[in-house]
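# Structural description and commentary
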Amino acid sequence: MVNWTRYEGPADGWDKQVEALGGGFYQCYGWGEVRRVAGWHPLRILGTVNGQVTAAASVLTQRRMGIPVCWIPGGPVGPVSLYDGQFRRALGRLIGSPAFYCRASWLRSGQPEEGVQLVHVGWQRPSVKMSTGLTMLYALEGDEAVRLKQASGNWRHNLKRAGQHGLRIERWDRPNLAEMSALYREMEGLKGLPVQHTEAELAAMLSELRDRLVIYRCLDAGGQLLGLRAAGVFGDTAWDLLAAAGANARKVYASHATLWALLEYCSQRGLAYYDLSGVDPVGNKGVYDFKQGTGAQLVECLGEWEWASLPGLRWVFNWALKRRAGA
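The paragraphs below set out a description of the structure included in this document. Model, not experiment: these values are computed from the prediction. (Residues numbered from 1 in each chain as written. Predicted model: local features only at pLDDT ≥ 70, side-chain atom pairs only at ≥ 80, totals over all residues. Heavy atoms only, no water.)

## Here's the deal with the packing of helix H7 (residues 177–191) against helix H8 (residues 199–209)
Quick reminder of the rule: The convention used is that axes are lines fitted to C-alpha atoms, helices contributing only their stretch in contact, and that angles between N-to-C directions extend from 0 to 180 degrees. Helical segments are the DSSP runs of H or I of at least four residues, strand segments are the runs of E of at least two, and each set is numbered from the N terminus. Here roughly perpendicular refers to angles of 65 to 115 degrees, roughly parallel to angles under 35, roughly antiparallel to angles over 145, and oblique to all remaining angles. If you view the pair so one helix is near and one far, a crossing is left-handed when the near helix is turned anticlockwise from the far one by less than a right angle, and right-handed when it is turned clockwise. In this description, contact between two residues means that some pair of their heavy atoms is separated by no more than 4.5 Å. Residue polarity is assigned by list, with Asp, Glu, Lys and Arg as charged and Ala, Val, Leu, Ile, Met, Phe, Trp, Tyr, Cys and Pro as nonpolar; anything else, Gly included, falls into the polar class.
Close contact between H7 and H8 brings their axes to 10 Å; oriented N to C, the two are set at 135°. Comparing the axis directions of H7 and H8 gives the class oblique. Considering how the two elements wind past one another, H7 and H8 form a crossing that is right-handed. For the pair H7 and H8, the contacting residues are Leu177, Met180, Ser181, Tyr184 and Arg185 in the first and Glu199, Leu202, Ala203 and Leu206 in the second. Among the residues making up the contact of H7 with H8, the classes are represented as six nonpolar, one polar and two charged.

Shown next as structure tokens:
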């Protein structure tokens, strides 16, 4: 029998529990605080058996169309078999409503039996997914020369080209929020993208993630900001979190140089992996090819699963996601 309770302790206490259970960055305390900007309220739950913590879930909650919606990014953590009806009843009690919709996204490779277990305890695959469930995992072991040989010939060639333009790649210890936001707006205009991160979201990352956030920037020979790349660090892994490049970045292969500097920093720091945070081989082949060119390995994650107190709620929320994607 699992005892599910709300965690109300300090941030580092939560993070130690999540890390001990093998959890990742999107289940850390700081990420839950970052998502408050978008109207999500973090609810952190620990599952204990005989006083021993065996599971943890950082659940983001908000109301949509009057119905409580729960989103568990990058988790939950611990054996999937524990996230059964007992967990969902405890979740309903903690959010104050027996009727709700919940979606979880396990951003790690899964074992075949885990899918069977999730079905057995009441979860289903959503009909409309928010991601492909694929990512690229880059191993950071070995020195720079060894890792560079693992990159594709074209990727190495472009990195070498970047070195011919007098670029300055450096860790951005005191990032300028206005410059970061302006770079994103420039990139969105160039590519016809919707807003990737608002200035408020970027500000929340800087204030809430602190030492967990590592930012590198690329400046041209005149000191003009061309691009940036940032990772969230948790445990022995860094997760690709921010990436933006301006109009002149592509001409000088700034993205190659900036990512490579960040990878080298993570390697020197003693991290084991860099998770390139999702790929779409069909819908976004350019980014897929760029990430694959580093030598990273494709990983199929356990991915997204959903549960709803009423079957109709699943239909409503998947319909809403489909409609938003087609907007």
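## Notes on the packing of aromatic side chains
Convention followed: Ring geometry is summarised as follows: Phe, Tyr and Trp rings, the Trp one being its six-membered ring, pair when their centres sit within 6.5 Å, and such pairs are stacked at plane angles under 30 degrees, edge-to-face over 60 and tilted between the two. By the criterion adopted, a ring carries a charge over it if an Arg CZ or a Lys NZ lies within 6 Å of its centre and within 35 degrees of its normal.
Under the criterion given, the structure shown has 15 aromatic pairs. Ring geometry for Phe25 and Tyr26: centres 5.1 Å apart, planes at 80°, overall edge-to-face. Between the aromatic rings of Trp106 and Trp123, the centroid separation amounts to 6.2 Å while the plane-to-plane angle is 80°, which identifies the pairing as edge-to-face. You can see Trp106 sitting in strand E5 (residues 101–109) and its partner Trp123 sitting in the loop between helix H4 (112–120) and strand E6 (134–139), a full 17 residues away along the chain. Put simply, the rings of Phe25, Tyr26, Trp31 and Trp239 pair up and form one aromatic cluster. Cation over ring: Arg44 sits above Tyr29, and NZ or CZ is 3.5 Å from the ring centre.

## Thoughts on the packing of helix H6 (residues 153–162) against helix H9 (residues 254–268)
Put simply, H6 and H9 touch, their axes get as near as 8 Å, and they point 100° apart. One way to sum up the angle between H6 and H9 is to call them roughly perpendicular. Within the contact between the two elements, H6 uses Trp155, Asn158, Leu159 and Ala162 and H9 uses His256, Ala257, Leu259 and Trp260. For the contact of H6 with H9, the residue count by class is six nonpolar, two polar and no charged.

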